[in-house]
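# Close look at the chain arrangement
Given next are the chains, with one letter for each unit.
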Amino acid sequence: MGKCILCGRTAVTISGSIGVCSECIRSNWRRAYPILRDKHVRIRENLGLTPETPSASNGFKCTICGRGCSIGVNSKGYCSFRVYDGVSLKTITNDPRSAIGLYYYDPHPTNCVAFPVCPAITGKGYPEYALTPHGEKGYYNIAVFMGGCNLDCLYCQNWEYRTMSVRGKPLLTINDLVKAVNEYTTCVCFFGGDPGPWSTFVLEATREMIRRAEELGLKVFRICWETNGLWNPLLFKKAVKYSVETGGIVKIDFKAWSPEIYYALTGAEARHVELIKKNIEYVASLFNTRREPPLLVISTLLVPGYVDEYEIDRMTKFIASLNPEIPYVFLAFHPDYELVDLPRTSHRHMEKAIEIAKRNGLKNVYIGNEWLLGYDY
Ligand SMILES: [Zn+2]
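Conventions used here
Residues numbered from 1 in each chain as written. Predicted model: local features only at pLDDT ≥ 70, side-chain atom pairs only at ≥ 80, totals over all residues. Heavy atoms only, no water. Helix = DSSP H or I, 4+ residues; strand = E, 2+ residues; numbered from the N terminus. Expected span 1.5 Å × (residues − 1). Buried < 20%, exposed > 50% of the residue type's maximum accessible area, 1.4 Å probe, protein only. Arc of directions from axis to C-beta. Contact = heavy atoms within 4.5 Å. Donors = N, O, S within 2.8 Å, 3.2 Å for Na, K, Ca; no water. Axes fitted to C-alpha atoms, helices over the stretch in contact; angles between N-to-C directions. Left-handed = near helix turned anticlockwise from the far one by under 90°. Patch = residues over 30% accessible without salt bridge, like charges linked within 9 Å, V, L, I, M, F, W, Y side chains within 5 Å. Areas by Shrake-Rupley, 256 points an atom, 1.4 Å probe, with all protein chains shown as cover. Salt bridge = Lys/Arg side-chain N within 4 Å of Asp/Glu carboxyl O.

Quick look at helix α11 (residues 347-359) now. In this model α11 runs 18 Å from its N-terminal to its C-terminal C-alpha over 13 residues, within 8% of the 18 Å that 1.5 Å per residue would give. Buried within α11 we find His-349, Met-350, Ala-353, Ile-354, Ile-356 and Ala-357. Projected onto a plane normal to the axis of α11, the buried residues spread over an arc of 165° and lie on a single side. Every exposed residue of α11 that faces more than 90 degrees away from the buried side is listed here: Arg-348, Glu-351, Lys-358 and Arg-359. Next to the buried residues of α11 lie β14 (296-302), α10 (309-322), β15 (328-332) and β16 (365-367).

Looking at the metal site, the zinc ion is ligated by Cys-4 (SG), Cys-7 (SG), Cys-21 (SG) and Cys-24 (SG), spaced 2.3 Å from it. In the primary structure, the donors to the zinc ion are separated according to the pattern C-x2-C-x13-C-x2-C. One end of the pair, Cys-4, is in the loop between β1 (2-3) and β2 (10-11); the other, Cys-24, is in helix α1 (residues 22-27), and 20 residues separate them in sequence. When its relative accessible area of 1% is taken as the criterion, Cys-4 is described as buried. For Cys-24, a relative accessible area of 9% corresponds to the buried category.

Across the junction of His-108 and Pro-109, the peptide omega takes the value -5°, indicating a cis bond. Looking at the secondary structure, you find Pro-109 in the loop between β8 (98-107) and α3 (119-122). With omega at 0°, the peptide bond leading from Lys-169 into Pro-170 counts as cis. Checked against the element boundaries, Pro-170 lands in the loop between α4 (164-167) and β10 (171-173). Backbone geometry places Asn-74, a non-glycine residue, at a positive phi of 60°. Considering the arrangement of structural elements, one finds Asn-74 in the loop between β4 (70-71) and β5 (75-76). In this structure, Ser-80 takes a positive phi of about 75° despite not being glycine. By the element assignment, Ser-80 lies in the loop between β5 and β6 (82-84). Given a relative accessible area of 1%, Ser-80 falls into the buried group.

Once that is clear, we can look at the packing of helix α9 (residues 270-285) against α10. Packing of α9 against α10 brings their axes to within 10 Å, and their N-to-C directions diverge by 35°. Crossing hand, α9 versus α10: right-handed. Note on element contacts: α10 touches α9 through Phe-318, Ile-319 and Leu-322, opposite Lys-277, Ile-280, Glu-281 and Ala-284.

On to a nonpolar patch on the surface. Taken together, the side chains of Tyr-105, Tyr-140 and Tyr-184 define a hydrophobic patch exposed on the protein surface, amounting to about 280 Å² of accessible area. With respect to the element layout, Tyr-105 can be found in strand β8. A residue is classified by how much of its surface remains accessible, and Tyr-105, at 34% relative accessible area, is partly exposed.

Assignment of secondary structure puts Cys-69 in the loop between β3 (60-61) and β4. We classify Cys-69 as buried; its relative accessible area is 8%. C-alpha separation for the pair Cys-69 and Asn-150, spaced 81 residues apart in sequence, amounts to 10 Å. Excluding residues that lie within four positions of it along the chain, Cys-69 makes contacts with Thr-53, Pro-54, Phe-60, Lys-61, Cys-62, Gly-77 and Tyr-78.

Treat this as a map of the structure, not an account of what it does.
Okay, structure coming up:
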């Protein structure tokens, strides 16, 4: 049971950790913002991460991702691994062919967030983009975890890895990834953290991995992205193009609708939310160029009390207006990281989300992890 500092209301769906209820966040931004800001800054400072978007007046304007940092001399970007030394922008690996991250072979069927349409699970896209019409058992996804992120999600499910960007390890090279391609790999998924802040690295890695797959004569080799969508739009287009060409899926985690709620949960500012929506619009505009497997899958984590009916209504209306066929996956929240004082997403909340999405015209709506659902509200 949490209490809202501003209105005094208590409820199981109010997080004491956030400190403010969703209504006050949306309706009383002037008073809510300093509380929310303080929360994000404190968490990041404790981890050694750059606390806020750097905005040095004569700084280096980094355009690698969509955060829009202006990085002062000998300072780091929001991602905390890009450094401006006064001459050029470098990463803390000091080598454009190495990043901070790791990869592993994930046996099919994986727990891909696009599970209802994933070619490795469903055979969708066979024969051009899937090895068999009923999944790819015995084969593997190359799961590439990129260390570092350009958001600050309070419910981050990979928070143990948040300091990878500060520690500068483990190192992951393009050569490692090229060598990882073999006759048993059918797809690659870049996730993290987020691939966005590593855009130039992952785009070059992708180009070379595809070339290796061609050398090996692989019949299918899909390039997928699991991302928050906060990319430089020009570089994002290149990433999407690889998915278009290889039968891969762009999986965007769309976290909220109101910029105020987005900020509370993830630290994204209003201009970032606009950019994320624009990037979603871009992939959606290509959706009809290839129907199977679908190019775009949207997921949303149903954070109790915060990703509420208002948010779900606006988000699903927006996606339906782009294309009602876009698959939409609702994910159940479980207490984690900074949001351990909220319950699991309830069955009622999930059912309401599905109902709203369908009412707004979406035709392909799914529940991602039903077994996590609870009955607390
Ligand atoms: Zn309140």
